[in-house]
Structures are given as structure tokens and as C-alpha cells.
Amino acid sequence: MSRGPLIALIRQGSPMSLTTIASRSASHSPKDVLARRVNGIIIDLTTPTSGDRPSDPVCRADADALPLLRHDTAHVLAQAVSELFSDTALATGPATEHGFFYDFAAEHTFTDDDLVRIEARMHEIVDRDETIVREEWDRETALSWCRENGQPYKAEIIRSLPADAVLSFYRQGGFVDLCRGPHLASTGQIGHAFRLLGTAGAYWKGDRNNPMLQRIHGTACRDADELAAWERCQEEAARRDHRRLGREMDLFHFQPEAPGAVFWHPNGWTLFQTLLAYLRERQQAENYVEINTPDIMDLSLWQTSGHWEKFGENMFTTETEGRTYAIKPMNCPGGVQVFRHGLKSYRDLPLRMAEFGKVHRFEPSGALHGLMRVRAFTQDDAHIFCTPEQMEAETQRICHLVLSIYKDFGFDDVRIKFSDRPEKRVGSDDIWDRSEKALQRGVEASGLSYTRNPGEGAFYGPKLEFVLRDAIGRDWQCGTVQVDLNLPQRLDAHYIGTDGDKHAPVMLHRALFGSLERFIGILLEHHAGHLPFWLAPVQVVVATITVAADAYAHDLADTLRQRGIRVASDLRNEKIAYKIREHSLAKVPLLLIVGKKEEQAGTVSIREYGNPETPTMSTDTAINRLINASYCRLTRVFDV
RNA sequence: GCCCUUAUAGCUCAGUGGUAGAGCAACCGCCUUGUAAGCGGUAGGUCGUGGGUUCAAAUCCUACUGGGGGCACCA
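Residues numbered from 1 in each chain as written. Chains lettered and ligands numbered in written order. Predicted model: local features only at pLDDT ≥ 70, side-chain atom pairs only at ≥ 80, totals over all residues. Heavy atoms only, no water.

Further remarks concern the pattern of salt bridges. Applying the stated criterion to the full structure yields 40 salt bridges. Between Arg-215 and Asp-103 there is a salt bridge; the shortest N-O distance is 2.7 Å. Placement of Arg-215 in strand β10 (residues 212-220) and of Asp-103 in strand β5 (residues 100-105) is noted, with a sequence separation of 112 residues between them. When its relative accessible area of 22% is taken as the criterion, Arg-215 is described as partly exposed. For Asp-103, a relative accessible area of 3% puts it in the buried group. The salt bridge partner of Arg-572 is Asp-570, with a shortest N-O separation of 3.0 Å. By relative accessible area, Arg-572 is classed as partly exposed at 36%. Each of Glu-83, Arg-121, Glu-124, Arg-128 and Glu-130 takes part in a single network of salt bridges with overlapping partners. (Salt bridge = Lys/Arg side-chain N within 4 Å of Asp/Glu carboxyl O. Helix = DSSP H or I, 4+ residues; strand = E, 2+ residues; numbered from the N terminus. Buried < 20%, exposed > 50% of the residue type's maximum accessible area, 1.4 Å probe, protein only.)

Moving on to the packing of helix α5 (residues 139-148) against helix α6 (residues 152-160). For the pair α5 and α6, interaxial distance at closest approach is 8 Å and the crossing angle is 160°. Comparing their axes, α6 and α5 come out roughly antiparallel. Seen along the crossing, α5 lies across α6 with a hand that is left-handed. In this structure, α5 uses Arg-139, Ala-142, Leu-143, Trp-145 and Cys-146 to contact α6, whose residues at the interface are Lys-154, Ala-155, Ile-158 and Arg-159. Among the residues making up the contact of α5 with α6, the classes are represented as six nonpolar, no polar and three charged. (Axes fitted to C-alpha atoms, helices over the stretch in contact; angles between N-to-C directions. Parallel < 35°, antiparallel > 145°, perpendicular 65-115°, else oblique. Left-handed = near helix turned anticlockwise from the far one by under 90°. Contact = heavy atoms within 4.5 Å. Nonpolar A, V, L, I, M, F, W, Y, C, P; charged D, E, K, R; others polar.)

What follows concerns the protein's contact with RNA strand B. As a structural note, the neighbourhood of RNA strand B is formed by 46 residues, with Met-330, Arg-361, Asn-573, Arg-581 and Glu-598 the closest of them. Here, RNA strand B places atoms within 4 Å of the protein, and 44% of those atoms are sugar or phosphate. Ile-545 has a polar backbone atom sitting 3.4 Å from a sugar or linking oxygen of RNA strand B. Contact distances for RNA strand B include 2.4 Å between a base nitrogen and a side-chain N or O atom of Arg-581. With seven residues, the single largest contributor to the surface near RNA strand B is helix α18 (residues 576-585). Its residues placed into classes, the surface near RNA strand B shows 19 nonpolar, 13 polar and 14 charged. (Near = heavy atom within 4 Å. Polar contact = N/O pair within 3.5 Å; in protein donor to acceptor, adjacent residues only side chain to side chain.)

Printed below as a string of C-alpha cells:
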């Protein structure tokens, strides 16, 4: 496709109408060119540019077209709402990562039925193909427009802008909105590939002290195919929802008496324990020791550590015999007590102390979400006590360990965020310099790239965060390394250095999965419930075709069980197709099917998830391969 | 915590002012099974909880609790 004539036209830099472009361009229909880019900045087609700066068209097919379309759809939403509900005040309506929203202030509460009407009106507005015109008003005109039209939020935006700011308004038909732009040339360009998704409350300017507005959000795509693809993706995400899978696979449940706390069922707890065993093995190989500390400790300890002041709102407490205790929201103070117990020498460092501590945090009710956000969870925590000189090497070791572990679970796409000193912090700049450098050198020595998150570190030290991307492209922040030069001092931890003096150790807080509960949720969604063979709570079901094979099946299951395989047998009086369907739906990775033929030949028929073949092989061979696959943590046993 | 929304059988859902329903699952029986649902029967619910309106409430109003979508929060 040649863009030559069109680009030449746009390069002239003068305002032009769409029809002009379209009439002179053989390769673009008017709807294809949405805006143009001058010096990397996207502007309206109709905005004049000075001089002879080159400009390029932004076409519908371009990646940057999507935010433009979505922003315009938000305006059409606002227009539709204004037309249908005249007393509505407008707040803001941007494009977002996945769509758009517009916030409104209205007496009327928008219902689902309203959304249907609003969406229908939006389609009408697109069909009207109203020209979108940019106007620049002076401040007085703008503010009086706000007064006359009942737009207090727009007025507030104007007042927050510098006095000399250019105030641009966009007019489409009878609708006018204060907006920075850029916008398309007409509402018809938007097309019909959009959908309203729902309403929600949202604080004005995101501040909970401000009034709550009504947000209507939706998504828009470049064409119907993309919208259909987006919808399929939504359905896929719903299909993978770990709350649904948890029920279907009988892993866990929640109930009203314990909001935000998990009731693990046998299958779920087996998975949990499998993960724990895995982590223990990896940590042991890295020369960690494991400890366990009390769940409930006197409040004074939490006051000394600083948690009560800094985190008290999120802590549960309990009183008995007139004494106040706190239920631990973090493991670090307990870990420091173990370090403190008995004099430590520099020869003991680095001391890597892991703890699978169950912590409780009061999370606001609105924040709870399945396993992903709970009030009670198990951290795969470790505190590494080391000298300042050891920080870099320890950081490097942790980075390697984390990435290696993620790989074992099928997460290859991992990003690292480096959060440095926040404004509110403890410790001297010198200490921060050293901490940040050590972290940075550690991550760089691992050969890993990272992005910087300025000012996002913890108050006691900088941190690395490991973000993994799942099978359907969602990001999850899991592991973390945090440098802490504060807590050891507060809790009076020290070691004897080579100089014979006491020194405060550096403490590295480190989590691999973060929360076992949450990681299980992520794993379930990543694999859509089809866990790798080595992880599945029930790895194998031995199913019989006829009662004649019961004894054979029983012996087979017994052998596997004794050799460490998680196996169940299904000897029910049911058709084999029925059993297969049931265990397939339960996401058992491997079915061993036996009937008279298998018994006579000493074989099993193998039905593995994802494999259309159902090979038959000798029982001994099958057992050996199974055990090997489980031991080697393979995703599949009998791969095609 | 805030806004909206939602709660009917183990699960998925129907029922919008007048005698609580279906499918699947469970249980019992028949069938004796060859790679994703064989057939028949039985049982199962104070319609989340508490108030209120009404001759009458699963249905309307209200408060609370839990869930969902967002906002805020995420040391």
C-alpha cells in the first residue's frame, strides 16, 4: 500500500479537511486517516501547524490509533449521557489500557438498562457522523461556559491549569467538552466496534476525600474483528478464573465466617504442600536454614520494630489477661529474634533464614479477591543477614534463584522493577547510596535488565520486584528483594566483626512467590487448571472398564501410591466414557485405563491430557516413566 | 472503607405479589460396560440474616453479612 500522495499532502502542514485528503488519496478512505503526527506528537488533522514541519498520518491500522479511538469513544459516551440525562456534570474521560471510561456527577444513578440506552445512543451519534471541531477559548469564556452549563468539575480543571494555558474545547454537534485532544475529524470515524461494560464508583481525582462520581466504562477497538477477539479473551479469562477452578477442582473454598481466609480442601492442600516441598528443596540447595516463629507476639515488639506505627491499621490484635498481642502481619521481627538469640560472628554470615510464615493483615473488605488478595496467607519469606560487602553477591544469588524457580513453573517472561529511595525514608543518603548500588550491581551482575521505579522503594530500603507474565498476557508481581538497614538496628541485632566490635547486619528481605495462596491462584489461571503432571493434586486415576479388572487396577494404584505418585482409582460401576469425562473435567493429567485385555497382557491403556493418542504399554514401563516424570518435574509423562 | 450490583437445592440457573422449579451432582435400583454424559426411581430449599409494607413477600422497602465489578488501599 502506498502512502506517498497522502504523506506529501500532509507534509504541507496546513489544516485540511478529511474530504480533501480522501479525494486526493487513492489508498485511504476518509475513515482510515484519524490524525497526524508532527515531531512525534499526535495532533488533530485540522489543527494548523506552523512552518514546514513534516507530518505523518496516523491511520486506523496503526497501534497509536487505538488510544485515539478510545478517547473519542469516551467523548461520544459523554455526549450520549448528556443528551439522555440533561443534568449530568462531566468530569474526565480518558482512554485506558484496555478501553475507556468517563466519570459523571448525576442525581440519577445509572442502571444496566441505562447502559443499553446509552450505548444505543452512542451508535446513533456515530451514525450522525458529526464533525468534531477544536476551538480555543479564553479563560473567562471557558469559566462562564462552565457556570452556564453546570460543569463544576470542568471549571475546577480549568482553575488548576496555569493562567496562560491554551484551553481547547471540542464541539461535536450540540455537545461541547473541555479537552486537550487530539480527536478524530468526525464521530463517524469511530466506527461501531465499542461496548459499554459497566458502572462503578470512582473518587474525583482519585482522592477518597473527594465526592464519588459515577464511572461508566467500556472498551473500543479498531474494528469488529478486534472487538470479537477482545471478547473471546474476556471469556478465556473468565474460564480460567481461579475461584471457579478452585470450586470445580475441589481445591478450596471461602465462607462468610472467615472473609479473606482460605479453607483448603485435601486437593488444594496437596498442591500447597507440593509447592512447599519444592521450595524447601530449592532453598536447601542454596544453603538456607528454615525457622518458625510465633504467630502472636506482644504489641511492644511491634511498637519497637516500627510496624505498629507504620502498619498498625492493617494489624489484627488480641487481648488476654490484660495484655495486648498482635497477630503477625510480617515475619521479619520474629526472624530477627532468632538471629539475636546467641552471639553471632561475621563467620556466621551470610545467614539465610527462611520461614514459611502465615501472616494476617487486615485488608479493606473491598480489596478481597479470591486467593489473589486475602487476609491470611503464607509467605515464602527469608531474611538474609549479611555484611554490607556481601549484599551484592546475595542479591545476585536471589535473582538467579527466583528466575530459575519461575522457569520451573512455565513462566519465562519475567520483568524486574527496581524501586529506589522514596521521599519519606529512614537512614542517611550514604547508606541509601550503598544499598542502591549493591542492589543494582547485584541485578546487573545477573545479566538481567530492569526498569527503574523512582521513589517507590520501601521506607527502609530499595527493592527489586519480579513481575511475571502469564499465558494470557497478564502481569503479576510476585517475588521481591528488599534491602533493610533499619530493622536490625531497631531490634538490636548485631554480629561481632573481624575487628571484635559489634556491627548491625544488613538484612535482605526476600520472597520468591510472595504468597503461596496467591501464587496458586496465578498458577491455576496460567495453566487454566491443567497443572503440570508433577504438581497436579491427583496425578493419575486408574479407571476400570469392567469389574473383572478391579483387582488388577487396585494393585496398579497401590504400586504407584507406594512409589510416591498421587493416585486415585475409579472402580465404580460406570461406563468408561463416563469416567473419562468426569476425570477429564476434574483436570486429572493422566488416566490409566484397564480392562480384561490389559490385565491379560500386563499392560495399561494411557490417556494423557493434551494427547489425542491412547497408547498401550507394559505396566512396568508405564510405572517407571511415571515415577521419573514426577521426580523430574515434567509437565507431561508420555509426550507425543 | 466508598459507589453500583448480587444472594433460590452441593453446582449452574429459572421463577417479579397468590401452593418453590429444571438440569447436573448425591442416594437407590437396573444395565456389566472399551476411551468425554446408558436407563429408571428417591431424596434434597424457613428462597443469606433481621426488621418493615401487604389479606398475602423468594418477589416491594430497609438494615446487616457475604460475593461480584470498580475506586481507594496494597506497609
